[in-house]
Amino acid sequence: MTMNTRPKLLVNIDHVATLRNARGEGFPDPARAAGICEAAGADGIVFHLRSDRRHIRDEDLPALKAMVKGTLDFEMAATQEMVGLCIDLKPSLCTLVPEGREELTTEGGLDLPAVAEELTTLAITPLQSSGIPVSLFVDPVPAHIDMAAALGVEAVELHTGTFANAWMQGDSDQVKYEVGRIADAAELAHQKGLLVNAGHGLNLDNLHAFLSAVSHLHEISIGHALISDALFLGLSTTVKAYLALIHGQTEGA
Ligand code: PXP
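Residues numbered from 1 in each chain as written. Predicted model: local features only at pLDDT ≥ 70, side-chain atom pairs only at ≥ 80, totals over all residues. Heavy atoms only, no water.

(A) Highlighting the site of the ligand. Residues in close proximity to the ligand total 14 residues, the closest being Glu75, Thr106, Glu157, Gly223 and His224. The backbone of Gly223 places a nitrogen or oxygen atom 2.7 Å from an oxygen atom of the ligand. Protein coverage of the free-state accessible area of the ligand, which is 390 Å², stands at 93%. Among the residues forming the shell around the ligand, the class breakdown is three nonpolar, nine polar and two charged. (Near = heavy atom within 4 Å. Polar contact = N/O pair within 3.5 Å; in protein donor to acceptor, adjacent residues only side chain to side chain. Areas by Shrake-Rupley, 256 points an atom, 1.4 Å probe, with all protein chains shown as cover. Nonpolar A, V, L, I, M, F, W, Y, C, P; charged D, E, K, R; others polar.)

Written out as structure tokens, the structure is:
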């Protein structure tokens with residue numbers, strides 16, 4: 001199987017903030033995590049400032065802006081408050097997503113036929129007028145890609161959650177169907193001159209199959225799995241660092 005062109009990797013650091021907020025301390029610091037991700041080769045960072053501030057908070061924004069050298073993608077709902085904050089920060093990309101108060105994570109793409117007009121006046125026009133490129137998080141539905149192109153945005157981010165769920169359930173027919181829908185949507189978006197981003201539920205297990213099947217990917221964004229993997233890939237080293245300290249101290253005592 002030949003791999004398609006390598007997309008950029010953007011790391012979503014929201015869950016570093018989730019961990020920080022759990023103790024109300026200043027660590028772990030999402031901006032520090034962003035620096036480590038970029039030093040390791042990541043092409044940029046995504047953060048989602050939710051209206052309930054459950055993970056990233058306003059005070060993280062200038063720190064992330066100062067730290068991130070590559071793409072800084074400000075993911076947000078299209079509200080007046082968020083648009084103001086985004087224009088003040090001037091990230092390299094703004095990804096507009098639907099936001100439900102009760103949801104655990106973003107559950108699907110924007111319902112473009114229902115929200116296109118509001119999205120344009122409230123967010124797309126002011127953001128683009130301030131020089132911020134806009135990406136719309138959409139389900140891999142041809143009519144929604146057509147609408148995104150008609151709205152004049154720079155990019156779409158294709159929702160990969162249904163593919164990831166099918167993969168997790170081991171349902172190979174469904175995987176084939178879902179990845180096929182995304183591949184077709186990516187092709188259409190590319191033909192329409194849109195940059196093609198993708199994300200949600202991608203991980204070390206499903207990523208190879210995804211990248212092998214989908215062309216034209218510009219950026220993929222990965223959060224929950226990558227930050228979770230970092231815990232387990234780093235836990236052994238960390239325990240050894242503590243033990244070295246403990247043993248060093250007892251030997252010296
Ligand atoms: N893209 C968007 C628009 C998202 O809302 C999220 C989740 O915050 C992601 C990508 C990353 O998804 P995951 O955390 O499952 O990797």
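(B) Main features of the packing of aromatic side chains. The tally for this structure, following the rule as stated, stands at three aromatic pairs. Judged by centre distance (4.7 Å) and plane angle (45°), the rings of Phe47 and Phe74 are tilted. Placement of Phe47 in strand 2 (residues 44–48) and of Phe74 in strand 3 (residues 71–76) is noted, with a sequence separation of 27 residues between them. Assessed through its relative accessible area of 0%, Phe74 is described here as buried. Relative to Phe210, the ring of Phe163 has its centre 5.4 Å away and its plane inclined at 40°; by these criteria the two rings are tilted. Of this pair, Phe163 sits in helix 7 (residues 161–168) while Phe210 sits in helix 9 (residues 207–213); the two residues are 47 residues apart in sequence, bridging distant segments of the chain. Judged by its relative accessible area of 1%, Phe163 falls in the buried class. (Phe/Tyr/Trp six-rings, centres within 6.5 Å; stacked < 30°, edge-to-face > 60°. Helix = DSSP H or I, 4+ residues; strand = E, 2+ residues; numbered from the N terminus. Buried < 20%, exposed > 50% of the residue type's maximum accessible area, 1.4 Å probe, protein only.)

(C) Molecular detail of the state of the cysteines. Across all of its chains, the model carries zero disulfides by this definition. No disulfide involves Cys86; its nearest neighbouring cysteine sulfur is the one of Cys94, lying 3.9 Å away. (Disulfide = S-S within 2.5 Å.)

(D) The arrangement of the side chain of Ser212 in detail. By the secondary structure assignment, Ser212 is in helix 9. Within the structure, Ser212 has its side chain in polar contact with the backbone oxygen of His208 (distance 2.7 Å).

(E) Structural context of empty space enclosed by the protein. Counting across every chain of the model gives one cavity of 30 Å³ or more. Of the voids in this model, the largest cavity is the one considered here, and its volume is about 40 Å³. Residue lining of the largest cavity: Leu10, Val46, Asp73, Thr95, Glu157, Asn197, Glu219, Ile220 and Ser221, and that is the complete set. Top element by residues in the lining of the largest cavity is strand 8 (residues 217–222). It accounts for three residues. Residue composition of the lining of the largest cavity, by class: three nonpolar, three polar and three charged. (1 Å grid on protein atoms, 1.4 Å probe; cavity = no way out; pocket = protein on both sides within 12 Å on 5 of 7 lines; lining within 4 Å. Points joined across faces, edges and corners; volume = space filled by probe spheres on them.)

(F) Broad picture of a nonpolar patch on the surface. Taken together, the side chains of Leu231, Phe232, Leu235, Val239, Tyr242, Leu243 and Ile246 present a nonpolar region at the surface, about 740 Å² in accessible area. Secondary-structure assignment places Val239 in helix 10 (residues 224–252). (Patch = residues over 30% accessible without salt bridge, like charges linked within 9 Å, V, L, I, M, F, W, Y side chains within 5 Å. Salt bridge = Lys/Arg side-chain N within 4 Å of Asp/Glu carboxyl O.)

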